[in-house]
Amino acid sequence: MEKREKFASRLGFLLISAGCAIGLGNVWKFPYITGKYGGAAFVLIYFLFLLILGIPVLTAELAVGRASQKSVAMSMDVLEPKGSKWHWFKYPAMAGNYLLMMFYTTVAGWMVYYFVKMAAGGFVGLDADGVGAAFNHTLGSPAINIGFMVFVVISCMFIVAKGLQNGVEKITKVMMLALLGLMVVLAIRSIFLPGGEEGLSFYLKPDFTKLAEYGLTEVLFAAMSQAFFTLSIGMGAMAIFGSYIDRGRRLTGEAICITILDTSVALMAGLIIFPACFAYGVDPGQGPGLIFVTLPNVFNAMPGGRLWGALFFLFMCFAAFSTVIAVFQNLIAFWEDLTDLPKKKIVSIHIVLMLILCLPCALGYNVLASFQPLGAGSGVLDLEDFIVSNNILPLGSLIYVIFCSWKMGWGWDNFMAEANTGDHGVKFPNAIRLYIKYILPLIILFVFVMGYISIFGQK
Ligand code: PFF
């Protein structure tokens, strides 16, 4: 049998796993959700969920990947007790990875477009209405949406085709290091803006009255869903990277490192955005349009704003691309595990397939705008995001947890042996067995049910 590809270094593994986790969820969703739910109080709850839910599920995924040496397309087939049906999980998990990319590539395309437009001076001289109109024009143009989506799909597939070490690891490492550097520069620039302190205190001082305003359950639900999404857990997107590492290190420590990197980027994105919003008097709680509608105004008002704005959107592009490349690697690995087709062929088929699958979202705000599946104002993106974020990620995480802790699955002992194999790193604590086996699944079920109630209950 052919030997499985491996990462060249631990740094490569950590940066690519973090690259998969760090994405639009950190730089786009996290700031606007935090803005909406009142800043620091929300951030505290989100931290709590990363700790009690994110790190254990991430460790479970990495363990399943490393023990099976397979992607989610085959991992349960390898580890499940004979005769059981855990391997059916591959279908929703694989579908989830495709669905995620079906909308993610369109938003990544907007980032590239905004980078190009900002660098070319396309926002210079526009007032707030002009900037808003520019975003509507972006959404309304099939050519812009399709053109940039095609660019994202083809360039990321090309990198995956170059191989794990020579393509994915090399490019993502450079992008992630550039992202971490850019982020620090942008945050320092933003914090020292005159008038930015108010933004800092909004972001860093907990205001619990907002929690009462929205209701604790809605805020809890938002924080928990964000924890699943940001860590990429629940459908094997992280498990694949467990299958590319050796048994030198314990997995809990690696999961903690990835979570810390992911969280630092989300926090820094907030440090970049909130002081700037307050310094230039724009509303930080205005929702998904935050970075497209609000921030160009900020850069217009800032000395040297064209340069800072271009660097900001470049940062966004790196975050989005590192995730697309990671998930594409997973898609290709599914078919390498399931068939004997050569990789080049799988990649070629996927370029065509993804271009077709990503079309509905790219057309969702223009040609298909009348399709509003989740109520007035919703679109293709919301539907795809809903299926992944509110269904596949929580239920998939639940399956990973049960698989790793119940006898009817892979079982606690096997999971612990895999997670704790290695000479370095934090051990998974045996003392939390009952928590993992019973309480964690209940928390996840609670998120799932609350998600449904908060979306459909209010109508
Ligand atoms: N974690 C990514 C982000 O924050 O943008 C999104 C994501 C990737 C979610 C892969 C789920 C996944 F399986």
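Here, every reference points to the structure presented above.
The paragraphs below set out a description of the structure included in this document. (Residues numbered from 1 in each chain as written. Predicted model: local features only at pLDDT ≥ 70, side-chain atom pairs only at ≥ 80, totals over all residues. Heavy atoms only, no water.)

### Some remarks on the overall build of the protein chain
Along its length, the protein chain carries 20 helices and zero strands. In terms of overall dimensions, the protein chain is globule-like: its C-alpha atoms have a radius of gyration of 21 Å, near the 23 Å expected for 459 residues. A principal-axis box enclosing the C-alpha atoms of the protein chain has dimensions of 65 × 50 × 45 Å. Out of the 459 residues in the protein chain, the part that is buried amounts to 60%. Counting every atom, the protein chain has about 17400 Å² of accessible surface; 69% of that belongs to carbon and sulfur. Of note, the protein chain has its 30 positive side-chain charges centred 8 Å away from the centre of its 26 negative side-chain charges. (Helix = DSSP H or I, 4+ residues; strand = E, 2+ residues; numbered from the N terminus. Rg over C-alpha atoms; globule rule 2.2 N^0.38 Å. Buried < 20%, exposed > 50% of the residue type's maximum accessible area, 1.4 Å probe, protein only. Areas by Shrake-Rupley, 256 points an atom, 1.4 Å probe, with all protein chains shown as cover. Lys, Arg positive; Asp, Glu negative; His and termini not counted. Charge placed at Lys NZ, Arg CZ, Asp CG, Glu CD.)

### Points about the packing of aromatic side chains
Each aromatic ring pair is characterised by the separation of its centres together with the angle its planes make. Counting across every chain of the model gives 38 aromatic pairs. Taken together, a centroid distance of 6.3 Å and an interplanar angle of 55° make the contact between Phe 151 and Phe 321 tilted. Separated by 170 residues along the polypeptide, Phe 151 in helix α7 (residues 142-161) and Phe 321 in helix α15 (residues 305-338) bring together distant segments of the chain. Grouped by ring-pair contacts, the aromatic residues Trp 110, Tyr 113, Tyr 114, Phe 123, Phe 135, Phe 148, Phe 292, Phe 299, Phe 312, Phe 313, Phe 315 and Tyr 365 constitute a single cluster. Here the guanidinium or amino end of Lys 29 rests over the ring plane of Phe 229, the centre of that ring lying 3.8 Å away. Sitting over the face of the ring of Phe 123, Lys 117 holds its NZ or CZ atom 5.2 Å from the ring centroid. (Phe/Tyr/Trp six-rings, centres within 6.5 Å; stacked < 30°, edge-to-face > 60°. Lys NZ or Arg CZ within 6 Å of the ring centre and 35° of its normal.)

### With respect to the side chain of Asn 330
Here Asn 330 lies in helix α15. Apart from the residues lying within four places of it in its own chain, the contact partners of Asn 330 are Ser 71, Asn 97, Met 235, Gly 236, Ala 237 and Ile 240. (Contact = heavy atoms within 4.5 Å.)

### A closer look at the nonpolar core
One recurring pattern in soluble globular proteins is that nonpolar side chains are buried together. Within the largest apolar cluster, 169 residues are counted, with the highest numbers of intra-cluster contacts made by Phe 312, Phe 315, Phe 328 and Phe 415. Filtering out sequence-adjacent residues up to four positions away, Phe 328 remains in contact with Met 101, Thr 105, Val 153, Cys 156, Met 157, Val 160 and Met 354. (Core = buried A, V, L, I, M, F, W, Y, C linked by side-chain atoms within 4.5 Å.)

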